[in-house]
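Structural features, examined
So the chains spell out like this:
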Amino acid sequence: QVQLVESGGGLVQPGGSLRLSCAASGFIFSRSVMSWYRQAPGKERELVARISISGGPTNYADSVKGRFTISRDNTKNSVYLQMNSLKPEDTAVYYCNALMFGSLASKYDYWGQGTQVTVSS
């Protein structure tokens with residue numbers, strides 16, 4: 001059974017920090033590109049950050065560059081999102097996503113349940 005379990009969300013004041021974690025199981029983590037998405041009320045889900053299978057190349061939304069850092073630990077089947085200098089506009093539900101590359105060019109897309117991040121004074 002595939003599971004992506006996010007944790008670390010909560011309420012934080014503007015300028016504060018949070019570290020989100022996503023624990024993966026039930027699929028081949030080391031063959032998966034991992035991403036964090038977010039969805040604010042009334043808005044579409046958007047990509048926040050992505051990290052390659054090796055943990056090398058990363059991509060970030062322009063709105064979070066320089067403030068957020070994505071990382072992964074393939075020995076623990078986990079991906080993380082360190083969020084610094086948080087702003088009220090970062091308030092959203094944050095989702096962990098896995099895109100696993102299988103055999104014969106197959107791809108499998110998995111999602112977590114999400115964790116709420118609220119930035120407010």
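Here is a short report on the structure shown in this document. (Residues numbered from 1 in each chain as written. Predicted model: local features only at pLDDT ≥ 70, side-chain atom pairs only at ≥ 80, totals over all residues. Heavy atoms only, no water.)

Let's talk about unusual backbone geometry
Applicable threshold: Counting from the N terminus, the helices are the DSSP runs of H or I reaching at least four residues and the strands are the DSSP runs of E reaching at least two.
Look at L104: it is not a glycine, yet its phi comes out positive at around 55°. Turning to its location among the elements, L104 is positioned in the loop between β9 (92-101) and β10 (107-111).

What to know about the state of the cysteines
For clarity, the threshold we go by: We call a pair of cysteine sulfur atoms a disulfide when they lie within 2.5 Å.
The full count for this structure, using the stated rule, is one disulfide. Between the sulfur atoms of C22 and its disulfide mate C96 the distance is 2.1 Å. Measuring handedness by torsion sign, the sulfur bridge of C22 and C96 sits at about -85° and is left-handed. On the criterion of sequence distance, the pair formed by C22 in strand β3 (residues 18-25) and C96 in strand β9 is long-range, its members being 74 residues apart.

Side note on the nonpolar core
Rules: Nonpolar core, defined: a set of buried Ala, Val, Leu, Ile, Met, Phe, Trp, Tyr and Cys residues in which side-chain atoms within 4.5 Å join the residues together. Type-normalised accessible area, obtained with a 1.4 Å probe on protein chains alone, sets the label of each residue: buried when under 20%, exposed when over 50%, and partly exposed for intermediate values.
In terms of nonpolar packing, the biggest core is built from 30 residues, with L4, W36, L81, M83 and Y94 touching the most fellow members. It is β9 that contributes the most residues to this core, five residues altogether.

Examining the packing of aromatic side chains
Rules: For Phe, Tyr and Trp, rings pair up if their centres lie within 6.5 Å, where Trp contributes its six-membered ring, and each pair is then called stacked (planes under 30 degrees apart), edge-to-face (over 60) or tilted (otherwise). Charge over a ring is defined by NZ of Lys or CZ of Arg lying within 6 Å of the ring centre and within 35 degrees of the ring normal.
The final tally for this structure, using the stated rule, is two aromatic pairs. When the ring centre of F29 is taken as reference, the NZ or CZ atom of R72 above it lies at 4.5 Å.

Notes on the side chain of S35
We apply this condition: Any pair of nitrogen or oxygen atoms within 3.5 Å is treated as a polar contact; in protein, a donor-acceptor pairing is required on top of that, and neighbouring residues in sequence qualify only through side-chain atoms on both sides. Residue contacts are counted whenever heavy atoms from the two residues lie within 4.5 Å of one another.
Note that S35 resides in strand β4 (residues 32-39). Looking at S35, its side chain comes within polar contact range of the side chain of R50, at 2.8 Å. With residues up to four places along the chain from it excluded, the contact list for S35 reads L47, A49, R50, I70, Y95, C96 and N97.

A word on the pairing of β3
What counts is decided by this rule: Between any two strands, at least two bridges found by DSSP are needed for them to pair.
Covered by surrounding structure in β3 are L18, L20, C22 and A24 only, the residues R19, S21, A23 and S25 on the alternate face being uncovered. As defined by bridge partners, β3 adjoins strand β8 (residues 78-83) across six bridges and the pair is classed as antiparallel. Bridge pairing links R19 to Q82 in β8.

A few points about the environment of L20
Structurally, L20 is set in strand β3. According to the relative accessible area criterion, L20 is buried, its value standing at 0%. Each C-alpha atom, one on L20 and one on V79, is 8.4 Å from the other, the two residues being 59 residues apart in sequence. Those residues within four positions of L20 in sequence are excluded, and the remaining contacts are S7, G8, G9, W36, V79, Y80, L81, M83, Y94, T115 and V117.

Re the sheet that holds strand β7 (residues 68-73)
Selection rule: To obtain each axis, a line is fitted to C-alpha atoms, and for helices this fit is confined to the stretch in contact; angles are then taken between N-to-C directions over 0 to 180 degrees.
Taken together, the four strands give an open sheet; going across it, the order is β1-β3-β8-β7, and neighbouring strands pair in antiparallel fashion. The sheet is open, and its two borders are formed by β1 (3-7) and β7, each paired with just one other strand. Neighbour-to-neighbour, the strand axes of this sheet turn through a mean angle of 15°, independent of strand direction.

Description of the pattern of salt bridges
We apply this condition: The salt bridge definition used is simple: a Lys or Arg side-chain nitrogen within 4 Å of an Asp or Glu carboxyl oxygen.
This structure, assessed with the given rule, holds four salt bridges. Close ionic contact of R38 with D90 constitutes a salt bridge, the shortest N to O distance being 2.9 Å. With R38 in strand β4 and D90 in the loop between β8 and β9, this residue pair connects regions lying 52 residues apart in the sequence. With relative accessibility at 6%, the residue R38 sits in the buried group. Close ionic contact of R67 with D90 constitutes a salt bridge, the shortest N to O distance being 2.8 Å. Highlighted residues: R67 in the loop between β6 (58-60) and β7 and D90 in the loop between β8 and β9, separated in sequence by 23 residues. Of the two residues, R67 and D90, neither departs from the other in class, the shared state being buried. A cluster of three or more residues bridged by salt bridges with shared partners is formed by R38, E46, R67 and D90.

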